[in-house]
Amino acid sequence: MPNWSQVLRELEREHKRDEANQRRRRINPTDKVRRRYVKKLADYTGRNVICYYSGWLMRPNNPTETSVTDADKNGFMSVIHGMDRGKGLDLMLHTPGGNIAATESLVDYLRQMFGTNIRAIIPQLAMSAGTMMACASKSIVMGKQSNLGPTDPQVRGIPASEVLKEFAQAVEEIRRDPVAQTVWRPIIEKYHPTFLRDCQRAVTWSNEITREWLKDGMLADCPDADERSQAIAEQLSDTDSTYSHARHIHIDQLEAMGLNIERLEEDDELQDLVLTVHHAYMHTFASTNTYKIIEDHRSGMLVVGGPQPAQQ
């Protein structure tokens with residue numbers, strides 16, 4: 001299967017063919033090449049494929065458009081319609097994450113459609129809520145270049161668990177030495193009403209749903225599913241060990257946590273197909289004003305930003 005440069009050359013050939021063909025309604029060559037390889041991936045696995053792709057790496061100034069939101073449900077409903085759901089689902093994820101409520105709703109919908117017969121494929125990055133979605137699958141396909149990210153929730157752009165730890169530190173230091181309140185007062189006075197409760201609820205909510213998804217899906221057959229799912233959820237959200245919400249967690253670390261990882265390099269054909277699809281999406285974002293694509297192997301799709309591609 002072609003690499004990045006070869007996909008680019010194929011795109012250039014398609015552009016030349018398209019320019020020579022004066023059809024009244026033309027399908028963008030970038031879409032044609034991408035769809036071709038998404039279908040090849042589904043043909044190879046024998047499973048349904050949905051690609052949930054964000055262009056946040058190329059459009060970092062549009063977090064509302066590129067992150068997980070409730071609007072994504074419409075895209076998933078559209079592409080799932082008419083699928084043979086008995087084939088299960090391979091969900092290709094490339095996302096920075098997003099809203100917890102929207103993520104919970106999407107996973108609930110996908111499980112209603114496919115049960116737990118869902119496999120997550122991570123060609124490059126699935127961060128934050130994207131990691132939580134991956135944890136809702138039966139297994140996660142990753143290569144050496146793939147990463148998940150910490151699941152610690154952010155409240156108004158601030159790490160919720162760090163706020164709680166900082167407040168606990170302030171309480172303890174003031175208890176030991178009341179003079180310390182002069183240092184802590186300017187910080188605590190910036191907290192708006194209910195801020196601490198919002199942070200606590202966000203942490204609890206995030207950990208609980210990640211733990212439940214792991215227990216009911218990936219670890220369902222494990223006799224110690226409760227303990228293992230709890231341990232994994234805590235490790236993924238532990239800011240003392242991850243240090244930053246942007247931290248990239250590698251495949252060896254994820255296996256050590258106890259996640260069910262399928263190594264992409266163990267199947268050459270699958271690796272070639274997955275990476276070719278990924279390259280095709282990156283070329284799409286580079287050549288169009290697109291923020292997000294939700295697309296299935298039958299060429300059904302929803303696009304956020306940019307023109308809607310013509311259907312085949």
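Refer to the preceding data block for the structure.
My aim in this report is to walk through the structure given alongside it, one point at a time. (Residues numbered from 1 in each chain as written. Predicted model: local features only at pLDDT ≥ 70, side-chain atom pairs only at ≥ 80, totals over all residues. Heavy atoms only, no water.)

Taken N-terminus to C-terminus, the directions of helix H5 (residues 100–114) and helix H9 (residues 195–216) make an angle of 15°; their axes are 11 Å apart at the nearest point. Overall, the two elements H5 and H9 adopt an arrangement that is roughly parallel. Every pair of crossing elements has a handedness; the one defined by H5 and H9 is left-handed. Facing H5, whose interface residues are Ile-100, Ala-101, Thr-103, Glu-104, Val-107 and Arg-111, H9 presents Ala-202, Trp-205, Ser-206, Ile-209, Trp-213 and Asp-216. (Axes fitted to C-alpha atoms, helices over the stretch in contact; angles between N-to-C directions. Helix = DSSP H or I, 4+ residues; strand = E, 2+ residues; numbered from the N terminus. Parallel < 35°, antiparallel > 145°, perpendicular 65-115°, else oblique. Left-handed = near helix turned anticlockwise from the far one by under 90°. Contact = heavy atoms within 4.5 Å.)

Turning our eyes to something else, we now look at the layout of surface pockets. In this structure, the largest pocket spans a volume of roughly 630 Å³. Gly-98, Ser-128, Pro-153, Gln-154 and His-245 are, among the 27 residues lining the largest pocket, the residues nearest its centre. Listed by contribution, the elements that provide at least two residues to the lining of the largest pocket are helix H6 (129–135), strand S7 (154–155) and H9. Ranked by residues supplied to the lining of the largest pocket, first place goes to H9 with five residues. (1 Å grid on protein atoms, 1.4 Å probe; cavity = no way out; pocket = protein on both sides within 12 Å on 5 of 7 lines; lining within 4 Å. Points joined across faces, edges and corners; volume = space filled by probe spheres on them.)

The next subject is the state of the cysteines. Counted by the stated rule, this structure contains zero disulfides. Not engaged in a disulfide, the cysteine Cys-135 finds its nearest cysteine sulfur in Cys-222; these two sulfurs lie 14 Å apart. (Disulfide = S-S within 2.5 Å.)

Positioned with a positive phi, Tyr-243 is a non-glycine residue whose angle comes to about 70°. When you line up the elements, Tyr-243 lands in the loop between helix H11 (239–242) and helix H12 (251–257). Tyr-243 sits in the exposed class, given a relative accessible area of 67%. The backbone phi angle of Ser-299 is positive, close to 80°, even though this residue is not glycine. Relative to the helices and strands, Ser-299 is located in the loop between strand S10 (292–296) and strand S11 (301–304). (Buried < 20%, exposed > 50% of the residue type's maximum accessible area, 1.4 Å probe, protein only.)

Further remarks concern empty space enclosed by the protein. If you walk through the whole model with that rule in mind, you get one cavity of 30 Å³ or more. Estimated volume of the largest cavity: approximately 60 Å³. Along its surface, the largest cavity is lined by Leu-91, Val-107, Leu-110, Arg-111, Ile-118, Ala-120, Met-133, Ala-134, Ala-136 and Ser-137. Listed by contribution, the elements that provide at least two residues to the lining of the largest cavity are H5, strand S3 (118–122) and H6. When residues in the lining of the largest cavity are grouped by element, the largest group, three residues, is from H5. Taken together, the residues of the lining of the largest cavity sort by class into eight nonpolar, one polar and one charged. (Nonpolar A, V, L, I, M, F, W, Y, C, P; charged D, E, K, R; others polar.)

For the structure on display, the rule yields four aromatic pairs. With 5.2 Å between their ring centres and 55° between their planes, Tyr-52 and Phe-76 make a pair best called tilted. Residue Tyr-52 is located in strand S1 (residues 48–54), and its partner Phe-76 is located in helix H4 (residues 72–80); the two are separated by 24 residues in the primary sequence. For Tyr-52, a relative accessible area of 2% translates into the label buried. Given a relative accessible area of 0%, Phe-76 falls into the buried group. With centroids separated by 5.4 Å and ring planes inclined at 50°, the aromatic side chains of Tyr-191 and Phe-195 adopt a geometry described as tilted. (Phe/Tyr/Trp six-rings, centres within 6.5 Å; stacked < 30°, edge-to-face > 60°.)

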